[in-house]
Amino acid sequence: MNFPRDFLWGAATAAFQIEGANTEDGRGESIWDRFCRTEGNIADGSDGSQACDHYHRWPDDLDLAKWLNLNAWRFSVAWPRIQPTADGKINQKGLDFYSRLVDGMLERGLAPYMTLYHWDLPQYLQDKGGWESRETVDRFVEYATIVGRALGDRVASIATFNEPFVTAYLGHWMGVHAPGIQNPATSVQVTHHQLLSHGRAVQALRQEGVKAPLGIVLNLAPVHPASDRSQDIRASDRHDVAQNRLYLDGLFLGKYPERCTELLGVEPKITEGDMEVISTPIDFLGVNYYRRAIGSADGVPSPHFLRKENREDLAQRQAPQSSSTNGAAQDKEFKRTVELPPGAQITAMGWEVYHEGLRECLEDIKRRYANAPPIYITESGAAFDDEMVDGRVDDPRRTAYLQGQIAALGRAMSNGVDVRGYFVWSLLDNFEWALGYSKRFGITHIDYATQQRTPKESALWYRHFVGTQR
Ligand code: FCB
């Protein structure tokens, strides 16, 4: 399929995963810096202090993206660089870094796609309750306004949040991401406060006269019941509510799904007027897609959703169907969702390769939400155990994965879904959160000892493909 000539072809990154330099130029501590310091939280015991050293090497990285024929770059701003201390004072050096970065993109013909929050909350806000506290909403709006004033006339778009479901669920229900809380009620409140922060920030940025289109990035998954047994259907509905409906219904219908409390067993505290704020119209929706979910009442959770004390070793994590039910006591029902049908093709994350799911998610949005804005695929990609041989990384499975995703996207667009761009996750191998540097998602290989960048064969394929689309 030929995509529109002005379609965006980009790659996505996130501050904490690539920047490093986490004490430089006045940056404050984030919840991820703190989380990495507790033994057992990160699979390989690593942290983000160096990562890809992008903070210093960004000109080379932007050159690489340009060489790859890309015309867009997705990045996030580290809140602790902008407001490093509890008094909220602006750190000009932090703003200057992103200002140089954005100018560097513009000089190279890369449209800057900015995300305000990709999981690195300042630790001082966590100390006061983090996303569970309504005060964090006000602080986010303040932060969004500062960044919007400084960069809002140069960036091509502003997404408020990246994957609020992951922050709520992995960070506050399962506790495998920062801040490591395991409490369903907190998790659901965190969902509500992130969405409220999103809506308030959109309103504030519009009031400031910020010109960039405003939106949010969600990670969506079609959910299929493992069988037609009623308990499997219920397990699917529960997962669908937790990952998809809470967010999409909140944003586009201005209400949470009716069965949300019954299925999740907890209810957010909502103040009058919140849902109107949350459903403030937006200019675009970012969709991150990796895999589908399969709902089963007897399923076992994906092992990388478990805390270390409940996990088997890393190798077994790659074969979730054989993992034990060790952790099943943790949250009783919700996570009892199998992620893999037998015989599925899987990535190094243990995630099923299922391209049609992208089309299904996109068509589901079109079918259910008449007021949904244009869509960007803000993340799509896969981790494999790459090997560097004679200076080359031959990664045919990643290339095939990207081809499958782009073909599924093409089918959704032929069926009438309005999609404007596609961003590969990720440009560079990077710090994959609780899995540290053990999983490689990049189309560019990073040698962490030397910081040498080597485009993999998948990058060369993407470069060629993008070239044919212009
Ligand atoms: C997404 C995150 C991104 C990366 C990919 C693999 O959930 O947004 O930072 O970790 O998964």
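The structure this text deals with has already been given above.
Residues numbered from 1 in each chain as written. Predicted model: local features only at pLDDT ≥ 70, side-chain atom pairs only at ≥ 80, totals over all residues. Heavy atoms only, no water.

K.L.:
What am I meant to see in the packing of helix 3 (residues 54–67) against helix 5 (residues 92–107) here?
P.N.:
Helix 5 packs onto helix 3 with a crossing angle of 10° between their chain directions and a minimal axis gap of 10 Å. As far as their axial angle goes, helix 5 and helix 3 are roughly parallel. In this structure, helix 3 uses H54, Y55, W58 and L62 to contact helix 5, whose residues at the interface are F97, R100, L101, G104 and M105. Split into classes, the residues belonging to the contact of helix 3 with helix 5 amount to six nonpolar, two polar and one charged. (Axes fitted to C-alpha atoms, helices over the stretch in contact; angles between N-to-C directions. Helix = DSSP H or I, 4+ residues; strand = E, 2+ residues; numbered from the N terminus. Parallel < 35°, antiparallel > 145°, perpendicular 65-115°, else oblique. Contact = heavy atoms within 4.5 Å. Nonpolar A, V, L, I, M, F, W, Y, C, P; charged D, E, K, R; others polar.)

K.L.:
Help me out: how do you make sense of the site of the ligand in this one?
P.N.:
In the vicinity of the ligand, the residues found are Q17, H118, W119, N162, E163, Y290, E379, W425, E432, W433 and F441. At 2.4 Å from an oxygen atom of the ligand is found a side-chain nitrogen or oxygen belonging to E163. Computed on the free molecule, the ligand has an accessible area of 290 Å², of which 95% lies beneath the protein chains in the complex. Split into classes, the residues belonging to the shell around the ligand amount to five nonpolar, three polar and three charged. (Near = heavy atom within 4 Å. Polar contact = N/O pair within 3.5 Å; in protein donor to acceptor, adjacent residues only side chain to side chain. Areas by Shrake-Rupley, 256 points an atom, 1.4 Å probe, with all protein chains shown as cover.)

K.L.:
Sorry if this is basic, but what is going on with the pairing of strand 13 (residues 444–447) here?
P.N.:
The side chains of a regular strand alternate, residue by residue, between the two faces of the sheet. Two elements, strand 13 and strand 14 (residues 452–455), share four bridges in a ladder whose sense is antiparallel. Looking at strand 14, one finds that D447 is bridged to Q452. (Pairing = 2+ DSSP bridges.)

K.L.:
I tried to follow the packing of helix 7 (residues 135–151) against helix 9 (residues 184–207) on my own but got confused; where do I start?
P.N.:
Any two packed helices are characterised by the angle at which their axes cross and by the distance between the axes. Orientation of helix 7 relative to helix 9, taken along the N-to-C sense of each, is 40°, at an axis distance of 9 Å. Crossing angle aside, the handedness with which helix 7 passes helix 9 is right-handed. Listed contacts from helix 9 to V137, D138, F140, V141, A144, T145 and G148 of helix 7 are H193, L196, S197, R200, A201, A204 and L205. When its residues are assigned to classes, the contact of helix 7 with helix 9 shows eight nonpolar, four polar and two charged. (Left-handed = near helix turned anticlockwise from the far one by under 90°.)

K.L.:
Help me understand the pairing of strand 12 (residues 419–425) in this model?
P.N.:
Counting buried residues along strand 12, six of its seven residues qualify, which places the element largely inside the surrounding structure. Across five bridges, the pairing between strand 1 (residues 8–12) and strand 12 is parallel. The residue of strand 12 that forms the bridge with A11 is V424. (Buried < 20%, exposed > 50% of the residue type's maximum accessible area, 1.4 Å probe, protein only.)

K.L.:
Could you clarify how one ought to interpret the side chain of D240 in this entry?
P.N.:
You can see D240 is positioned in helix 10 (residues 230–253). Classification of D240 as buried rests on a relative accessible area of 16%. Side-chain polar atoms of D240 contact the side chain of N244, separated by 2.7 Å. Once residues lying within four places of it in the same chain are set aside, the contact partners of D240 are V223 and R245.

K.L.:
Help me understand the state of the cysteines in this model?
P.N.:
Here, disulfide denotes a covalent bond that connects the sulfur atoms of two cysteines. Under the defined criterion, the tally for this structure stands at zero disulfides. In this model C52 remains outside any disulfide bridge; the closest cysteine sulfur is found in C36, 14 Å from its own. By relative accessible area, which is 0% here, C52 ends up buried. In this model C361 remains outside any disulfide bridge; the closest cysteine sulfur is found in C260, 20 Å from its own. Classification of C361 by relative accessible area gives buried; the value is 6%. (Disulfide = S-S within 2.5 Å.)

K.L.:
It is not clear to me how the sheet that holds strand 1 should be interpreted in this structure. Could you clarify?
P.N.:
Backbone-to-backbone hydrogen bonds pair the strands of a sheet. The strands run either parallel or antiparallel. On the basis of which strands lie adjacent, the closed barrel formed by eight strands has the order 1-2-3-4-5-7-9-12 and parallel pairing. In this sheet, adjacent strand axes meet at a mean angle of 25° when their direction is disregarded. Sheet strands in contact with helix 10 are strand 5 (214–219) and strand 7 (284–288), and its direction is about 165° off that of strand 5. The sheet contacts of helix 14 (residues 356–368) involve strand 7, strand 9 (375–379) and strand 12, and relative to strand 9 the element is tilted by about 145°.

K.L.:
Would you explain the environment of N219 in this entry?
P.N.:
Among the structural elements, N219 can be located in strand 5. A relative accessible area of 10% means that N219 is categorised as buried. Residues N219 and E163 lie 56 residues apart in sequence; the distance between their C-alpha atoms is 5.4 Å. If we skip the residues at most four places from it in the chain, N219 touches E163, F165, V166, Q243, N244 and N288.

K.L.:
Whenever I open this one, the pattern of salt bridges confuses me. Can you help?
P.N.:
A side chain of one charge can pair with a side chain of the opposite charge if their charged atoms are brought near each other. Taken as a whole, this structure holds 33 salt bridges when the rule is applied. For the salt bridge of R200 with D138, the shortest nitrogen-to-oxygen distance reads 3.1 Å. One end of the pair, R200, is in helix 9; the other, D138, is in helix 7, and 62 residues separate them in sequence. For R200, a relative accessible area of 30% translates into the label partly exposed. (Salt bridge = Lys/Arg side-chain N within 4 Å of Asp/Glu carboxyl O.)

K.L.:
Would you take a moment to explain unusual backbone geometry for this structure?
P.N.:
Most peptide bonds adopt trans geometry, and most residues besides glycine take a negative phi value. A cis amide bond links A178 with the next residue in sequence, P179, at an omega value of 5°. Along the chain, P179 falls in the loop between helix 8 (164–172) and helix 9. Going from W425 to S426, the amide bond is cis rather than trans, its omega being 5°. With respect to the element layout, S426 can be found in the loop between strand 12 and strand 13. With a phi angle near 45°, A51 is a residue other than glycine that sits in the positive phi range. Counting through the fold element by element, A51 comes out in the loop between helix 2 (31–36) and helix 3. By relative accessible area, which is 4% here, A51 ends up buried. Even without being glycine, Q451 reaches a positive phi, approximately 65°. Among the secondary structure elements, Q451 is positioned in the loop between strand 13 and strand 14.

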